[in-house]
Amino acid sequence: MKKTIQALILLSGIFFPGCKQETFQWRGALRDGIFQESDLLDSWPEEGPELLWVFEGLGRGYAAPAVTRDLIFINGESEGDAFLFALDLEGNLLWKSPNGKEFLGEGFSSTYPGARSTPTVLGRQVYATSGRGQISCFKTADGEKLWSIHILETLGGELGEFGYSESVAVDDQHVYCFPGGPSTNLAALDRGTGKIAWTQSALRDTFAYGSPVLIEHAGQPMLIYTSRHHLMVLDPGNGTLLSSYKLEGYEYDGEHCNTPVYSAGNIFFVGNDLPGQGAFKLELSSDGQEIKELWRNPDIKNNFGGLVAVDGSLFTTVKGNKLVALDPENGVLADTLRVATGSIIYADQKFIIYGNNGTVSLVKYRDGELENGGTFKVVGGTGHHFSHPVLANGVMYIRQGEALMAYRVK
C-alpha cells in the first residue's frame, strides 16, 4: 500500500500541471551555478577524470547542455541552421530538430558564430532559443515541435551584435524572454501554446546577453533581468517593474553577459564595464520594490564566466588567471588562487573552472580555504573554450564547439 501511494504521488507530478516539477536548465536548478551533487572526487589524477564518451557533430557554438535524469539536450548549428539535439546518457543521438537560423555574425562578431543558449526542460517539454531569436517548444520524447515564435518578427525585438544568448526561464504557466525592443522590452509566452501572455516596455532599454532568473523572495515569485544599462526586478504574473538598479559603464557599455545570482535575499552580479561597478551585492526589500546597494568592488571584473555565491561570499575568476573570493560583509578581496580564468560552477564543497585556455581546474573549498584538487586539458572539439560546465548524475559535461564530452567525477 505504501509503495502504491508513493507511485501515485510521483505520477501526479508528471500528469497534473499544478504539481511542482523539477526544471533542468542553465547553470543548475536555481541558475546560480550550484549543482546538487555529492560524493565527487576530492582530487583528479594527473591525466584528469575518466573520459566516458565524446559526441561530435554539434557544429559551432558555446551552448551548454541541460541534463535530466536520463536525457541530454543541447543546441547546435549546421550550415547556418539551428538544431536542438537530444542524447541519452551514453552519448547516443536520439533525435535532432531544426529551430530556425543560427547566429553567424558579421565583421568582428563573425569570429564567434554558433549556438549560444542552454535549453530549459520542464515536464515533457524542452524550450530552446536560437542565436537569431527563434524560441521553440519541443516534446522531449521525440523532438516534435509543438510551437515556435520569433523574437524579431513577432515581438519587435532587436538583434544585438553577438545575437541572442538568452536561456529562457520557464515556470508552470509562462516562458519568459527579453526581446529588447523599445515597446516590447520583455515578454511572457504561454508555456503550452506559445501565445503572448503579456508584454512590457519596462525601462525601454535594449537587451544584454544574460538570462532571466525566477526566484521566490519573501514568499513571492519574482523575476530578475539584466538589460543593457539596468538590473531589474519584475512581477512574473504581468511583467510590472518592481525595482531597478543602474548599471554604470561606458567603454564596453552593456556587455552584461553574466546571469545575476540570488542568494538569501540578496542579488550578486559581476560585470565587465569600464569604469562600472565591477562586482556588487544588492539587498532586495521584502516586497521587491526597493534595491539597496550593500557593497561594490569595481576592481573585480568578469565578462561571461559567471559567478557563485557560497556562504555569503562571492566567487568568480578574473584576468590574470585568478579565482577570487570576496568578503561577504564589504566585498573586499578575501582570498585568491591561481587557476585559468574561465567559467565557474560549484558542488559538494568544490569549484570547477573551465578555463578559456582549455584547462579545467578542481578547487576544494573547506573551512574558508581554497585548495587545488587537480587540473587537466580538454582535448578534442573546436573553437573557443567558452562553454559552462554542467554536473549531473556524477558526470561532468563540457562542450567545446562541435564536441560534447562526458567525464566521470564521482
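Refer to the structure presented above.
Attention in this report is confined to the structure presented alongside it.

What counts, and at which threshold
- Within any chain, residue numbers begin from 1 and follow the written order of that chain's sequence.
- Local features in this predicted model are restricted to residues of pLDDT 70 or higher, and side-chain atom pairs are both shown and tallied only at a pLDDT of 80 or more, whereas totals for entire chains, interfaces and linings draw on every residue.
- To obtain the side-chain values, all non-hydrogen atoms of the structure were used and water was disregarded.
- Secondary structure is summarised from DSSP: a helix means a run of H or I of at least four residues, a strand means a run of E of at least two, and numbering begins at the N terminus for each.
- Contact definition: two residues touch when any of their heavy atoms are within 4.5 Å.
- Every accessible area reported is derived by Shrake-Rupley at a probe size of 1.4 Å, with residue values counting cover from the shown protein chains alone.
- This count recognises Lys and Arg as positive and Asp and Glu as negative, with His and chain-terminal groups excluded.
- For this purpose, a charge sits on NZ of Lys, CZ of Arg, CG of Asp or CD of Glu.
- Exposure categories follow from relative accessible area, calculated using a 1.4 Å probe and restricted to protein chains: below 20% of the type maximum is buried, above 50% is exposed, and the middle band is partly exposed.
- Pairs of strands are assigned from DSSP output, requiring at least two bridges between the strands.
- When a carboxyl oxygen of Asp or Glu is within 4 Å of a side-chain nitrogen of Lys or Arg, the pair counts as a salt bridge.
- The criterion is simple. A nonpolar core is a set of buried Ala, Val, Leu, Ile, Met, Phe, Trp, Tyr and Cys residues joined through side-chain atoms within 4.5 Å.

### Description of the overall build of the protein chain
Counting its secondary structure elements, the protein chain contains two helices and 33 strands. Judged by the C-alpha coordinates and their principal axes, the protein chain covers about 60 × 50 × 45 Å. Here the analysis covers contacts within the protein chain between residues at least 6 apart in sequence; of these, 54% occur between residues at least 24 apart. For the protein chain, the accessible area works out to roughly 16,900 Å², and carbon and sulfur atoms hold 49% of it. The averaged location of the 48 negative side-chain charges in the protein chain is 3 Å from the averaged location of its 33 positive side-chain charges.

### Concerning the environment of Gly401
Take Gly401: it is sitting in the loop between strand 32 (395-400) and strand 33 (403-408). The spacing of Gly401 and Gly210 is 191 residues in sequence and 20 Å in space, taken between C-alpha atoms. Once you skip the residues sitting within four places of it in the chain, Gly401 turns out to touch Leu58, Gly59, Gly61 and Thr382.

### Considerations on the pairing of strand 16 (residues 220-226)
Across the seven residues of strand 16, five count as buried, placing the element largely inside the fold. Looking at chain direction, strand 15 (residues 213-217) and strand 16 are connected through five bridges and run antiparallel. In the sheet register, Val213 faces strand 16, and the bridge partner there is Ile224. Count of turn residues in the strand 15/strand 16 antiparallel hairpin: two residues, of which Ala218 carries a positive phi of about 50°. Where strand 16 lies against strand 17 (residues 230-234), four bridges are found, and the strand directions are antiparallel. The residue bridging Thr226 from the neighbouring strand is Leu231, located in strand 17. In textbook terms, the turn of a hairpin is the stretch between consecutive antiparallel strands, and for strand 16 and strand 17 this stretch comprises three residues.

### Regarding the sheet that holds strand 1 (residues 23-24)
A sheet is described by the order of its strands in space; here five strands give the open sequence 1-7-8-9-10, paired in antiparallel fashion. Looking at which strands have only one partner, the edges of the open sheet turn out to be strand 1 and strand 10 (145-150). Direction of pairing for strand 9 (residues 134-139) relative to strand 10: antiparallel, over a ladder of five bridges. Paired with Cys137 across the two strands is Trp147, which belongs to strand 10.

### Re the environment of Thr140
Relative to the helices and strands, Thr140 is located in the loop between strand 9 and strand 10. In sequence terms Thr140 and Ser78 are 62 residues apart; their C-alpha atoms lie 21 Å from each other. Setting aside anything within four residues of it in sequence, one finds Thr140 in contact with Leu71, Phe73, Trp95, Val121, Gly123, Arg124, Gln125 and Val126.

### Structural notes on the pattern of salt bridges
Charged atoms that come close allow side chains of opposite charge to pair. Taken as a whole and assessed by the stated rule, the structure comprises eleven salt bridges. Linking Glu22 and Arg69 is a salt bridge whose minimum nitrogen-to-oxygen distance equals 2.7 Å. With Glu22 in the loop between helix 1 (2-15) and strand 1 and Arg69 in the loop between strand 3 (66-67) and strand 4 (71-78), the pair connects residues that are 47 residues apart, well separated along the chain. On the basis of relative accessible area, Arg69 is assigned to the exposed category, the value being 54%. Across the salt bridge formed by Lys101 and Asp81, the nearest N and O atoms sit 2.8 Å from each other. Taken together, the positions of Lys101 in strand 6 (residues 93-101) and Asp81 in strand 5 (residues 81-88) put the pair 20 residues apart, joining distant regions of the chain. You can call Asp81 partly exposed: its relative accessible area is 26%. Each of Asp42, Asp348, Lys350 and Arg366 takes part in a single network of salt bridges with overlapping partners.

### Observations regarding the nonpolar core
One finds Val360, Leu391, Met396 and Tyr397 to be the most contacted residues of the largest nonpolar core, which totals 34 residues. A total of five residues in this core trace back to one element, the largest contributor, which is strand 33. Apart from residues lying up to four places away in sequence, Met396 is in contact with Trp44, Pro49, Ile352, Val360, Phe376, Val390, Leu391, Met405, Ala406, Tyr407 and Val409. Among the nonpolar cores identified, the runner-up in size contains 29 residues, and Trp147, Ile149, Tyr164 and Cys177 belong to it.

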